[in-house]
Amino acid sequence: MTTRKEIASNLVVILFGAVFLSYTTRYPLDTWESPGPAVFPLILGAVLTILGVGQLVRALWKSTRKDHREEQRDGGRSVRESLLRNSGEGKAIRMIAIFILYLLMMQWIGFFVSTFLFGIISSRLTETKDWGRPIALSAGLTLFCYLLFEVWLKLSFPRGVLF
């Protein structure tokens, strides 16, 4: 990965961390004995931000003259050409699009159904050869989320038309 791409991806991770940190202001932290709903986004935001900053510093540190010359040569390439040459980038963009669709669909079809479908689609995107493992993984993830959050922690998720 070129330095420019590393810097851009680390800035996106830092942005996600900042969004989670800003999300914590909506809910109370409460106490450590009885943590409130802001604890998970606070921890997630802090971890994402710290890891993103660490990786950004590392990417900036290893930046060399050779990397800059290669980036200048590749700078005129179109986005389409870049995606055709680097199939991994195309997969990452498809995964981001699927994740955005997952977030949007959660309000309409419900958390558990959308999580189940997201698990299957994202597993298939990683080129699994059969359907059994993605379905089992997705069912296990959905069941885990249900048992952890609905049953044990008594938190409610968005209910949709289906469940």
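Use the structure listed above.
Residues numbered from 1 in each chain as written. Predicted model: local features only at pLDDT ≥ 70, side-chain atom pairs only at ≥ 80, totals over all residues. Heavy atoms only, no water.

**What to know about unusual backbone geometry**
Item 1. Here the phi dihedral of K154 falls at roughly 60°; this positive angle occurs in a residue that is not glycine.
Item 2. Structurally, K154 is set in the segment after α7 (132-152).
Item 3. On the basis of relative accessibility, which here comes to 66%, the residue K154 falls in the exposed class. (Helix = DSSP H or I, 4+ residues; strand = E, 2+ residues; numbered from the N terminus. Buried < 20%, exposed > 50% of the residue type's maximum accessible area, 1.4 Å probe, protein only.)

**Some thoughts on the pattern of salt bridges**
Item 1. A complete count under the given rule lists 1 salt bridge for this structure.
Item 2. Measuring nitrogen to oxygen at the nearest pair gives 3.0 Å for the salt bridge that ties E150 to R159. (Salt bridge = Lys/Arg side-chain N within 4 Å of Asp/Glu carboxyl O.)

**Things to note about the nonpolar core**
Item 1. With 9 residues, the main nonpolar core is built from I98, Y102, M106, F111, F112, F118, L125, C145 and F157.
Item 2. Those elements that place two or more of their residues in this core are α5 (87-109) and α6 (111-125).
Item 3. Among the elements that make up this core, the one with the highest residue count is α6 (4 residues). (Core = buried A, V, L, I, M, F, W, Y, C linked by side-chain atoms within 4.5 Å.)

**Comments concerning the side chain of N10**
Item 1. On the secondary structure map, N10 appears in helix α1 (residues 3-23).
Item 2. Given a relative accessible area of 9%, N10 falls into the buried group.
Item 3. Separated by 3.3 Å, the side chain of N10 and the backbone oxygen of Q55 make a polar contact.
Item 4. With sequence-adjacent residues up to four places away left out, N10 is seen in contact with G52, Q55, L56 and A59. (Polar contact = N/O pair within 3.5 Å; in protein donor to acceptor, adjacent residues only side chain to side chain. Contact = heavy atoms within 4.5 Å.)

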